Amino acid sequence: MHELTHSPLPELASYPKVRLGHVPTPLEFMPRLSSRFEPLQLYVKRDDCTGLGFGGNKVRQLEYYLGDALSKGCDTVLSTGAIQSNFMRTLAAAAGKLGLECHIQLEDRVPGKSELYHRSGNRMLSGLFGAHISFCPDGEDEVEADLRVRALADELAASGRKPYVIPLKPVRKPKGAFGYADAALELTGQFQSAGIEPDMILVGSGSGITHSGLLLGLRLLGSGIPVLGACVRRPADLQAPRVLGHCNNLCEMIGREGMVTEQDIRVSDRAYFPGYGQLTESVTGAVELAATHEGLLLDPVYSGKALATLIAMIESGELSECRTVVFIHTGGTPALFAYQDDMKL
Ligand SMILES: *Cc1c(COP(=O)(O)O)cnc(C)c1O
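This report concerns the structure included in the present document. Keep in mind the model is a prediction, meaning the values are calculated, not measured.

### Quick notes on the overall build of the protein
Okay, so step 1: The helix and strand tally for the protein stands at 12 helices and 12 strands.
Okay, so step 2: A compact globule built from 345 residues should have a C-alpha radius of gyration of about 20 Å, and the protein, at 19 Å, falls within 12% of that.
Okay, so step 3: By its C-alpha atoms, the protein is 60 × 50 × 35 Å across when sized along the principal axes.
Okay, so step 4: Split into buried and exposed, the 345 residues of the protein put 58% on the buried side.
Okay, so step 5: In the form shown here, the protein has an accessible surface area of approximately 13800 Å², with 51% of it arising from carbon and sulfur atoms.
Okay, so step 6: When the 33 basic and 40 acidic side-chain charges of the protein are each reduced to a single mean position, those positions are 3 Å apart.

### Some words on the site of the ligand
Okay, so step 1: Neighbouring residues of the ligand: 15 residues in total, closest Lys 58, Gly 206, Ser 207, Thr 210 and Thr 330.
Okay, so step 2: Within the side chain of Asn 57, an N or O atom sits 3.0 Å from an oxygen atom of the ligand.
Okay, so step 3: Within the side chain of Gln 61, a nitrogen or oxygen atom sits 3.0 Å from an oxygen atom of the ligand.
Okay, so step 4: Protein chains shield 97% of the accessible area of the ligand, which is 380 Å² for the free molecule.
Okay, so step 5: Broken down by secondary-structure element, the contributors of at least two residues to the shell around the ligand are α2 (58–71), β9 (200–205) and α8 (209–220).
Okay, so step 6: Within the shell around the ligand, the residues separate by chemical class into two nonpolar, 12 polar and one charged.

### Examining the packing of α2 against helix α3 (residues 86–98)
Okay, so step 1: Closest axis-to-axis distance for the α2/α3 pair is 10 Å, and the angle between their directions is 50 degrees. By the angle between their axes, α2 is oblique relative to α3. Along this stretch, α2 crosses α3, giving a crossing that reads as right-handed. Each of Lys 58, Val 59, Gln 61, Leu 62, Tyr 65, Leu 66 and Leu 70 in α2 lies in contact with α3, whose residues at this interface are Asn 86, Phe 87, Thr 90, Leu 91, Ala 94 and Leu 98.

### Things to note about helix α7 (residues 178–194)
Okay, so step 1: Compared with the 24 Å implied by 1.5 Å per residue over 17 residues, the 24 Å span of α7 between its first and last C-alpha is a close match.
Okay, so step 2: With 12 of its 17 residues buried, α7 lies for the most part within the structure.
Okay, so step 3: Among all positions of α7, only Phe 178, Gly 179, Tyr 180, Ala 181, Asp 182, Ala 183, Ala 184, Glu 186, Leu 187, Thr 188, Gln 190 and Phe 191 are buried.
Okay, so step 4: Phi turns positive one or two residues past the end of α7, at Gly 195, with a value near 70 degrees.

### Description of the pattern of salt bridges
Okay, so step 1: Per the stated rule, a full pass over the model turns up 20 salt bridges.
Okay, so step 2: Here Lys 17 and Asp 182 are joined by a salt bridge, their closest N and O atoms 2.6 Å apart. With Lys 17 in strand β2 (residues 17–18) and Asp 182 in helix α7, this residue pair connects regions lying 165 residues apart in the sequence.
Okay, so step 3: Judged by relative accessible area, Asp 182 falls into the buried class, the value being 7%.

### Here's the deal with the nonpolar core
Okay, so step 1: With 103 residues, the main nonpolar core has Leu 66 and Ile 201 as its most contacted residues.
Okay, so step 2: Here this core gets eight residues from one element, more than from any other, and that element is α3.
Okay, so step 3: Excluding anything up to four places from it in sequence, Leu 66 contacts Val 18, Leu 20, Val 77, Leu 91, Ala 94, Leu 98 and Leu 100.

### Examining the sheet that holds strand β6 (residues 101–107)
Okay, so step 1: Spatial ordering of the open sheet is given by β7-β6-β5-β8, a layout of four strands whose pairing is parallel. Every interior strand has two partners, whereas the edge strands, β7 (132–136) and β8 (163–166), have only one. Ignoring which end each strand starts from, the neighbouring axes of this sheet average 20 degrees apart.
Okay, so step 2: Direction of pairing for strand β5 (residues 76–82) relative to β6: parallel, over a ladder of seven bridges. Paired with Thr 80 across the bridge in β6 is Gln 105.

### Here we look at the sheet that holds strand β4 (residues 41–46)
Okay, so step 1: What the six strands build is an open sheet, ordered β3-β4-β12-β9-β10-β11; its pairing is mixed. Of all the strands in the sheet, the pair left with one neighbour each is β3 (27–29) and β11 (266–268). Direction aside, the axes of adjacent strands within the sheet are offset by 30 degrees on average.
Okay, so step 2: The sheet strands contacting α8 are β9, β10 (227–231), β11 and β12 (324–329), and the helix crosses β9 at an angle near 150 degrees.

### Details of the pairing of β6
Okay, so step 1: With respect to burial, β6 is a largely interior element, six of its seven residues being buried.
Okay, so step 2: Each parallel crossover has a hand, and the one from β5 via α3 to β6 is right-handed.
Okay, so step 3: Pairing of β6 with β7 involves five bridges; the strand directions are parallel. The residue bridging Leu 106 from the neighbouring strand is Phe 135, located in β7.

Parameters at a glance
- Residues numbered from 1 in each chain as written.
- Predicted model: local features only at pLDDT ≥ 70, side-chain atom pairs only at ≥ 80, totals over all residues.
- Heavy atoms only, no water.
- Helix = DSSP H or I, 4+ residues; strand = E, 2+ residues; numbered from the N terminus.
- Rg over C-alpha atoms; globule rule 2.2 N^0.38 Å.
- Buried < 20%, exposed > 50% of the residue type's maximum accessible area, 1.4 Å probe, protein only.
- Areas by Shrake-Rupley, 256 points an atom, 1.4 Å probe, with all protein chains shown as cover.
- Lys, Arg positive; Asp, Glu negative; His and termini not counted.
- Charge placed at Lys NZ, Arg CZ, Asp CG, Glu CD.
- Near = heavy atom within 4 Å.
- Polar contact = N/O pair within 3.5 Å; in protein donor to acceptor, adjacent residues only side chain to side chain.
- Nonpolar A, V, L, I, M, F, W, Y, C, P; charged D, E, K, R; others polar.
- Axes fitted to C-alpha atoms, helices over the stretch in contact; angles between N-to-C directions.
- Parallel < 35°, antiparallel > 145°, perpendicular 65-115°, else oblique.
- Left-handed = near helix turned anticlockwise from the far one by under 90°.
- Contact = heavy atoms within 4.5 Å.
- Expected span 1.5 Å × (residues − 1).
- Salt bridge = Lys/Arg side-chain N within 4 Å of Asp/Glu carboxyl O.
- Core = buried A, V, L, I, M, F, W, Y, C linked by side-chain atoms within 4.5 Å.
- Pairing = 2+ DSSP bridges.
- Right-handed = clockwise from strand over helix to strand, strands pointing away.

Next comes the structure, spelled out in C-alpha cells:
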C-alpha cells in the first residue's frame, strides 16, 4: 500500500525508506537577525516545515524507521519520550497516515511543570492522532523506560500483533539518522544554488541522531563543514561521546568506517543548563528574538536553546572566525503552547 523507496545516496540504498515529509524544505537568509549580529550572515534551514503533523526533524528520521518497520511487515509501532516529545507526536501522526497501530509512553522528565505542560501542545496532538498513550513516572531512567515499552511490545506480540520498537537508548543501527544524511545532500545543493560556503552548521543535539546523520551525509559528500551540536538533553562531555558512538555505528552500517572521526564532533552546552526542557531568560529571549525579527517560531526545548547557544557563542567571541552560519530549524513549535506559562505570555 505504501511504496518503499530509498536514499539518492548510493551508500544508503539498501535501507528502505517511506516518504512522509515535504522536502526539500527551504533554506532562507535571515536579514534582520544577520544585521543584529554583524558581520555574521545567518541562514535557516526550515525543517520545521517538513509537513507531517506540524513537521520538524523527526519526520525525516521516521522515513527510515517506518520504512524498516513496513519492510519487515510490522503493523504496530511503539516508542517512549518526554510528555512534550515531538518524536511521539510525529510518530503518532505517521502511524495514523500509514495505518499502523501506535503506542507511546510519555515520561515525566521535567520537574515542576504546569497543567498546560501535561495537557497541551504535543501531548494533545499525540492523542488527536489516535496513539495509545501510557505514562512512565521516572523520566531520567532510559533503561527502565525502554524495558517497559519492550514488555508492552511482547504482550502485543503474544496477542498476534507485529510490533516495531524505536528505543530511547542508543542502538547499534540508528537508521533514523540516514534521514539527515539525505538532508545533507539537499543542503549542499542549496548552498551551491545560493552561492554560499557556510563556515558552520548549527543543530540542536538531543539523542544526537540528527547531528550524527548530518555529519555522515556531509562527509560522504566530501564536505568538511563543521557541524556544531547545541546540547539540549545532557552536558557536552556526555553528548560528544554519544554522537561519536552514533557516527561510528552509521559508518559501520554502510561499510565506510572512519568517514566521521572524533575531530568532527563539536558540541556546546552554553545554553543547556539547568537541564532538559528547563527555560532560562536566554532561551526565552532567543525565541522572542526569532519571532520579532524574522517572524520565525522556535520552541523552548530545542530550537530556542539552539539559537540561545549560537547567541552565547557569538557574545563570547567563539565564532569570531565565522562569517556564514546555517541554523537547522528542527521544529518543535507545538511545545510553545505547553510552555505558555513559563514563557510568561
Ligand atoms: C528531537 C528534536 C531535536 C533533537 O534531535 P535529535 O535527533 O534527538 O538529536 C531537536 N529539535 C527538535 C525540535 C526536536 O524535536
